[in-house]
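One letter stands for each residue in the lines below.
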Amino acid sequence: MHISRLRCGVLCLVFSSGLTMAQSDRMEDGRRAYESHCKQCHESDETSAPTTRQESDWAERSKLWEAVLFEHAEKGYLEMPAKGGAEGMSEYEVEAAAEYMVTVTHPEMLHD
């Protein structure tokens, strides 16, 4: 019985470590996509895009804004073109970049 519990504990630890690594990889992928395709507008005073890391720029956004942000990033919204104008971006890259923006702007929020 003791060995079964030990195996279960080890498997849980390995699984959770894998999730952390996968989340870390996704954040790095998101950072790279953001730097390549999103930063130009979301860190510029020349556009009306909300500024990354400026919580006040995002204050009027929906409480469901992570899902809404993903949709707007993928399909475009108002002045923002679909995929930030980078048509070659994959859905994964678009969502990872949006998740990166949410995380660095609102680190206190829980993200899936």
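Here the structure is a predicted model, which is why all the values come from computation and not from measurement.

Caption draft 1: Region of the structure containing the overall build of the protein chain. Scanning the protein chain for helices and strands turns up three helices and zero strands. The secondary structure elements of the protein chain, listed N-terminal to C-terminal, are α-α-α. Across the 112 residues of the protein chain, 29% fall into the buried class. Within the protein chain, residue pairs in contact and separated by at least 24 positions form 57% of the contacts whose partners lie at least 6 positions apart.

Caption draft 2: Local environment of the pattern of salt bridges. Throughout the structure, instances matching the rule amount to eight salt bridges. For Glu-43, the salt bridge goes to Arg-53, with nearest N and O atoms at 3.3 Å. Remark: Arg-53 occurs in the loop between α1 (2-42) and α2 (65-75) and Glu-43 occurs in the loop between α1 and α2; sequence separation between them is 10 residues. Using a relative accessible area of 37% as the deciding quantity, one classes Glu-43 as partly exposed. The closest approach of N and O atoms between Lys-83 and Glu-74, which form a salt bridge, is 3.9 Å. Taking relative accessible area as the criterion, Lys-83 reaches 16% and is therefore assigned buried. One salt-bridge network, held together by shared partners, links Glu-28, Asp-29, Arg-31 and Arg-32.

Caption draft 3: Layout of the confidence of the model for the protein chain. Residues at a pLDDT of 70 or more form 75% of the protein chain, whose mean pLDDT is 79. Mean pLDDT across the elements of the protein chain ranges from a minimum in α1, with 68, to a maximum in helix α3 (residues 91-105), with 91. Of the regions scoring below 50 in pLDDT, residues 6-19 engages in zero contacts with residues more than four places distant in sequence or in other chains.

Caption draft 4: Looking closely at the side chain of Arg-26. Along the chain, Arg-26 turns up in helix α1. Owing to a relative accessible area of 19%, Arg-26 belongs among the buried residues under this scheme. There is a polar contact of 2.7 Å between the side chain of Arg-26 and the side chain of Glu-99. For Arg-26, the residues in contact, after removing those within four places along its chain, are Tyr-92, Glu-95, Ala-96 and Glu-99.

Parameters and conventions
- Residues numbered from 1 in each chain as written.
- Predicted model: local features only at pLDDT ≥ 70, side-chain atom pairs only at ≥ 80, totals over all residues.
- Heavy atoms only, no water.
- Helix = DSSP H or I, 4+ residues; strand = E, 2+ residues; numbered from the N terminus.
- Buried < 20%, exposed > 50% of the residue type's maximum accessible area, 1.4 Å probe, protein only.
- Contact = heavy atoms within 4.5 Å.
- Salt bridge = Lys/Arg side-chain N within 4 Å of Asp/Glu carboxyl O.
- pLDDT = per-residue confidence, 0-100.
- Polar contact = N/O pair within 3.5 Å; in protein donor to acceptor, adjacent residues only side chain to side chain.

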